[in-house]
Amino acid sequence: MSFKSGFVAIVGRPNVGKSTFLNHVMGQKIAIMSDKAQTTRNKIQGVYTTENEQIVFVDTPGIHKPKTALGDYMVEAAYSAIREVDAIIFMVAADEARGKGDDMIIERLKNASVPVFLVINKIDKVRPDDLLAVIEDYSSQMDFEEVVPISALQGNNTSHLVDTLVEHIDEGPQYFPEDVITDHPERFLVSEMIREKVLQLTREEVPHSVAVVTDSMKRDEDTGKMHIMATIVVERASQKGIIIGKGGSMLKKIGTLARKDIEAMLGEKVYLELWVKVKKDWRDKRFDLQDFGYRK
Ligand code: GDP
Ligand code: K
Ligand code: MG
């Protein structure tokens, strides 16, 4: 049997579950998740390989109306993914009505030259009748190759979705070795795991104002542990106060939770040293964006 391969972009509004799906398929965390919009800022590739096929999933930032230079970067990252792939998953949430944001994406997808799959996620949150209404509503907007309802969180029907994609991809090369699961370097994943904890533990404007840079990863000869130094960048002094917390309690919590994820990823003990720095309005400054890993 010949080998099949293809690139598949996952697009959709923020918070529909794109990253949750990717992590579920990969069987480990390569994209961070939270209930905050704009959790995913870069394109993230997850490489799914079996004996007979390889699908490179491209997780994208949610498509929204950008208000900052960072927002522009994110939306462009999502749209560029659409142009570079062999198939597209358009993900929506079963428990939310179709909105302006969805219509904006549908307009773009109508011109796509590759098959578009409508994936309705979070079916665990609705009754079967409501699901039918959602399917009918979206199907009236454009022709989809197939419609696949799933629950990314519970893993319902996700393997059926993968099988469906495999049916539609063509013969092709194995792009990545079979042990590669993502195109991002470890340092990036370390930064993201720290940023995820900040997103999960803080509220309002703080999550959107945070960037994380991994400054160094070095093995400590004495303890044998991996010593990681990372900086959490915020836009205002007040935000720095929130991140540090009373007597350093918040920073400690972020560090402890992030360290566990990083240890699971690296498969070894980690000593995580976190710093907090204020960089005013970095989200609107081109040079800062580049420094913090948001490069065009
Ligand atoms: P993204 O912005 O599209 O990447 O969405 P995320 O993967 O970050 O998920 C956004 C939120 O939806 C998180 O709180 C997830 O736990 C939740 N979520 C994702 N998939 C499901 C699902 O199938 N069912 C339910 N109930 N929640 C989900
Ligand atoms: K999210
Ligand atoms: Mg995401």
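Note that the coordinates shown come from a computational prediction; the quantities given were computed from them, not determined experimentally.

J.: Which residues make up the overall build of the chain, and what values go with them?
T.: A tally of helices and strands in the chain yields 9 helices and 9 strands. Against the compact-globule benchmark of 19 Å for 296 residues, the chain has a radius of gyration of 20 Å, which places it among compact chains. Taking the principal axes of its C-alpha atoms as reference, the chain extends roughly 55 × 45 × 35 Å.

J.: Run through the site of ligand 1, naming residues and quoting values.
T.: What surrounds ligand 1 is a group of 21 residues, the closest being Gly17, Lys18, Ser19, Thr20 and Leu153. Counting residues per element, the shell around ligand 1 draws most heavily on helix 1 (residues 18–26), at 3 residues.

J.: Give a detailed account of the sheet that holds strand 5 (residues 116–121), specifying residues and quantitative values.
T.: Taken in spatial order, the 6 strands of this open sheet run 2-3-1-4-5-6, and their pairing is mixed. Taken across any chain shown, the strands that pair with only one partner, and hence form the sheet edges, are strand 2 (44–49) and strand 6 (146–149). Across the sheet, the mean angle from the axis of one strand to that of its neighbour is 25 degrees, orientation sign disregarded. Where strand 2 meets strand 3 (residues 53–59), 6 bridges bridge the pair, whose relative direction is antiparallel. Paired with Ile44 across the bridge in strand 3 is Asp59.

J.: Lay out the UniProt feature "domain: Era-type G" (unreviewed entry) in the chain in plain terms, naming residues and giving numbers.
T.: Residues given the UniProt feature "domain: Era-type G" (unreviewed entry) here are residues 4–171. Between the first and last C-alpha atoms of residues 4–171 the distance is 4 Å; the span itself is 35% helix and 23% strand.

J.: Now, about the domain arrangement of the chain: what can you tell me, with residues and values included?
T.: Domain assignment breaks the chain into domain 1 (4–168) and domain 2 (186–291). Once you take the C-alpha centre of each, domain 1 and domain 2 turn out to be 28 Å apart. For the side of domain 1 that touches domain 2, the per-class residue count stands at 5 nonpolar, 4 polar and 2 charged.

J.: An account of the sheet that holds strand 9 (residues 270–278) is needed here, citing residue identities and associated values.
T.: Pairing between the strands of a sheet is mediated by backbone hydrogen bonds and can be parallel or antiparallel. The mixed open sheet is built from 3 strands, whose spatial order is 7-8-9. Among the strands making up the open sheet, the edge pair consists of strand 7 (211–219) and strand 9. Adjacent strand axes in the sheet meet at a mean angle of 20 degrees when their direction is disregarded. Bridging between strand 8 (residues 226–234) and strand 9 involves 9 bridges; their strand directions are parallel. Pairing of Thr231 across the sheet is with Trp275, part of strand 9. Of the strands in this sheet, strand 7 and strand 8 are in contact with helix 6 (residues 186–201), which crosses strand 7 at around 130 degrees. Helix-sheet contacts for helix 7 (residues 237–244) involve strand 8 and strand 9, and the interaxial angle to strand 9 is about 155 degrees.

Calculation rules
Residues numbered from 1 in each chain as written. Chains lettered and ligands numbered in written order. Predicted model: local features only at pLDDT ≥ 70, side-chain atom pairs only at ≥ 80, totals over all residues. Helix = DSSP H or I, 4+ residues; strand = E, 2+ residues; numbered from the N terminus. Rg over C-alpha atoms; globule rule 2.2 N^0.38 Å. Near = placed C-beta within 6 Å. Pairing = 2+ DSSP bridges. Axes fitted to C-alpha atoms, helices over the stretch in contact; angles between N-to-C directions. UniProt positions renumbered as here; feature names shortened; annotations may be inferred. Domains from an automatic or database assignment. Nonpolar A, V, L, I, M, F, W, Y, C, P; charged D, E, K, R; others polar. Contact = placed C-beta atoms within 7 Å.

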